[in-house]
Each structure stands twice: as C-alpha cells, then as structure tokens.
Amino acid sequence: MGGTRDHSLDAARSLLMILGVPYHAALIYTPGYDWVMNSPDGIAWIGLFADFIHSFRMPAFFLISGLLITHSLRRHGPRAVLTSRASRLLVPLVAMAATLNVAQLWMESRAVDPGLTAGEFLTQTIPAAFWSGGLVYHLWFLVELFISVLALCLAYPLLVALHRRLAERAPGLARWLADPPDWLPPLLLSLVMMGVLGFDNISDLLVTPLVPTNSTAVSIVISAGFFAVGVLIAHWPGGAARYAKASWGVALTYLACFAIHIGMVGVEKPMPVRFLDEALRAVAAWSAFRFVLGLTQSFFSAESRRVRALSQASYTIYLLHHLVVMAAGFALLAVTAPPLLEFAAITAVGLFVPLAVHHGLVRRSPTLRFLMNGVPPGEAKKRSTPARGRETMARRTG
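Residues numbered from 1 in each chain as written. Predicted model: local features only at pLDDT ≥ 70, side-chain atom pairs only at ≥ 80, totals over all residues. Heavy atoms only, no water.

K.L.:
I keep staring at the pattern of salt bridges and nothing clicks. Help me out?
P.N.:
Oppositely charged side chains can pair when the atoms bearing their charge come close. Within the structure shown, the criterion is met by four salt bridges. Here arginine 13 ties to aspartate 10 by a salt bridge, and the two come within 3.4 Å at their closest N and O atoms. Here the residue arginine 13 and the residue aspartate 10 both occupy positions in helix H1 (residues 7–18), the gap between them amounting to three residues, near one helical turn. For arginine 13, a relative accessible area of 2% puts it in the buried group. Take aspartate 10: its relative accessible area is 7%, and that puts it in the buried class. Glutamate 278 is paired through a salt bridge with arginine 281; the nearest N and O atoms lie 3.1 Å apart. Taken together, the residues span about one helical turn, with glutamate 278 and arginine 281 both in helix H13 (residues 271–299) at a distance of three residues. Of the residues examined, arginine 281 reaches a relative accessible area of 36% and is grouped as partly exposed. Salt bridges here are not isolated pairs; linked through shared partners, they connect Asp179, Asp182 and Arg242. (Salt bridge = Lys/Arg side-chain N within 4 Å of Asp/Glu carboxyl O. Helix = DSSP H or I, 4+ residues; strand = E, 2+ residues; numbered from the N terminus. Buried < 20%, exposed > 50% of the residue type's maximum accessible area, 1.4 Å probe, protein only.)

See below:
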C-alpha cells in the first residue's frame, strides 16, 4: 500500500465492529440462550442470525488487524508500534472496565437480585467479577489483540533475521513463501482451528480464563492465529486486494461451510468429524473475510466523509454499545411490543447513541479521546491531518 491509506480496510474494520450491535441485541431474543438478559418473547430465527454474524466477525477483524499492524511496523518499527498500541488498546480497556462495565454489572446484578445493596455490590460482586473476568465483558478482543501485537513486536527482529537466513540457505522455499498459492491462508487457518482441539485434555489451565480476563489460552491462540495470517497476507504480492472478492462462488463457499457447521451443532462428533468441523469454521471465516473485503473495495475504496466519520466513531460504538443495548433491552422488557420491533429499536439505539456520544463528546474532548480511544491528547491534532500517512490498526468485538 505504500504510504497511502486503504479506505476499504477502514470501512471493513468499521463494519465488523458495528456488527456487534445487532449481534448482542439478537442474543436478547435468542430462545434458549443464557445471556446477561433475555426476553421471554424470543424470535425463532434470531439465533441463526447471531450465529451468522459470530461466524466471521471477529476472525475477519483479527485478519484485518494483522494486515494493518504490518504496515505500521514497516514505517515505525516495533518499539513505536508497541507503545502506540498499548495506549490504543489498554487505556480504553482499563477505563471502560472500571466505569461502564461496572455500571453494566450493577444493572445485571440488580436484575437478578433487586435487594442487592451498594455495599454488597462493592465488597462482594465487584471483586468476584474482577477475578472471574466479568469486568472485561465484550472487551476481550482488546486483551487478545494486545497479546497478538506484543508477541509480534517482540518477535519481529527475530522474524526478519530468520527470513534473511532462509533467503540465503533455501532461496527456492523463500521464493515460494514470498508468493504462495491462494489455498495457503485457509489451510493455515484450518490448522490453527484444528490445532487447539484436545487442549482441554492436556490441562484445564488451557481452557480456564486467565485472571482478570475472560480469555483462555485456547481463545488467545485462535485470535493470534488469524492475526498472524493477516500479517503474512500483508507481506505477499497484492496484499489484501489479492484476496478481496465479493463473488457468488465465495459467498456460496461460506454458506455451505456455515450450513454444515450449524447442522453439526449439538451432535456428538468423533475426532475426525471434529477436525472437519473446525476446518469448515476456518474456511467459512476466510470466505466471509474475502467477501467483506470485496464489498468494501468495490464501494468504499475512495475516501468518503461519511465513511470516515463512521470509521472514527466505530471504536466508541463498540465500547459503549454493550451498555446501551442492555439498558434499552431492560427498558423494553417493561413494555409490550412485537419482539422483532423491539430488536430493531434496540439495534438502532445501540448504534446511534454511541455514534452521537462520539461526535458530540469524545471527538471534542482530549481527555475522553484518550480514555475511550487511547489517543494521547497531544496526538489528536496530528492524527486529524490528511498528510499524516498512517495506518491505524483495527480496534475490537465479540
């Protein structure tokens, strides 16, 4: 990409983050699903809709994050990138966990136990939630993305040295790896998904949340695997554009893999079928990633003021929407309305309230921009200039 910004990647990243709003709203009305709140009036098909979004949203997000971080590493080096990403990811994580996620916890706890006192909440509920990862909620992706970035930045000098050594000692293999066939990315992703099977048999610690997060070793490995494939794609000729394709063939590949996977949910599967199921999930996520990139490159490759405004607000939308969706959900549970209408209303509120907060408050306040977007106060003006020539990494959810 050189020094120019890929606006289609910004659009794709924003779309994936914003899809968290209808995803979480759908969980309220999914029959038989135990979320933080549930409507007694479920929608029969809404669970399939939520599964559809969940099947590709975060995998594609980590792929795009790997693409974007690579461009930053080439320009700024690992130390500067790690410092920048620590601010972008960890500051909002801590700020939101200590404020809005505590408010979510209070709302949820009071719904379960209306007699809960403030003292009990402070001395019992919050500490328990902290040690169980309950204060992280949907911000798990910030934890796993930072771990992926940290590992890449620490290993970057070694990886560069290994690449040079490989080019000297095995030039044929180096040339093949520099421009591999198109089947390599989905194969690598399939190996990542299949590779974590059986981790629970090795040690319970590998599938136990790492205090104080709700991430496990298995979930971190999967996220880092998709992130790493995004890094590789950025080094190959054509980059993201090489794989972007919104065609019927790509769409049908996704739908076939997704349908077979959904058909096997709840079925007792022998290990070979489990391997197949994980491979199908990987290929489905890869196909959806290609389709999303194809769409955004077709319609959002040129800079657009509206797309840029939405892209700038997407981080804030993701951070705030969980609380807004919960609040709107609790409010609508008290009224009688068709569940589909309620779902649409919650989705609209969950999108537009955070959007308004971002452009009305966060964007105008250096302090809020730092706490909610991780942008240091002195950097806000520099980041807003067209000549800055930067690529910011994807910033989310789950």
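After that view, the rundown keeps rolling.
K.L.:
I tried to follow the packing of helix H15 (residues 339–362) against helix H16 (residues 366–373) on my own but got confused; where do I start?
P.N.:
Geometry of a packed helix pair, given as the angle between the helix axes and the separation of the axes. Between H15 and H16, whose axes approach to 9 Å, the crossing angle comes to 140°. It follows that H15 is oblique to H16 by the angle criterion. Contacts between H15 and H16 involve His358, Leu361 and Val362 on the former and, on the latter, Leu368, Arg369, Met372 and Asn373. The class makeup of the residues in the contact of H15 with H16 is four nonpolar, two polar and one charged. (Axes fitted to C-alpha atoms, helices over the stretch in contact; angles between N-to-C directions. Parallel < 35°, antiparallel > 145°, perpendicular 65-115°, else oblique. Contact = heavy atoms within 4.5 Å. Nonpolar A, V, L, I, M, F, W, Y, C, P; charged D, E, K, R; others polar.)

K.L.:
What should I look at first to understand the packing of aromatic side chains in this one?
P.N.:
Given two aromatic rings, one states the distance between the centres and the angle between the planes to describe the pair. Counted by the stated rule, this structure contains 16 aromatic pairs. For the ring pair phenylalanine 61 and phenylalanine 141, a centre distance of 5.3 Å and an interplane angle of 90° mean the geometry is edge-to-face. Here phenylalanine 61, found in helix H3 (residues 46–76), pairs with phenylalanine 141, found in helix H7 (residues 140–169); they are 80 residues apart in sequence, far enough to count as distant. For the pair shown, phenylalanine 61 and phenylalanine 141 are each scored as buried. Considering the side-chain rings of tryptophan 106 and phenylalanine 121, the 5.0 Å spacing of their centres and the 80° angle between planes classify their relative orientation as edge-to-face. Residue tryptophan 106 is located in helix H5 (residues 100–112), and its partner phenylalanine 121 is located in helix H6 (residues 118–132); the two are separated by 15 residues in the primary sequence. Aromatic rings pair up to connect Phe61, Phe62, Trp140, Phe141 and Tyr318 into one cluster. (Phe/Tyr/Trp six-rings, centres within 6.5 Å; stacked < 30°, edge-to-face > 60°.)

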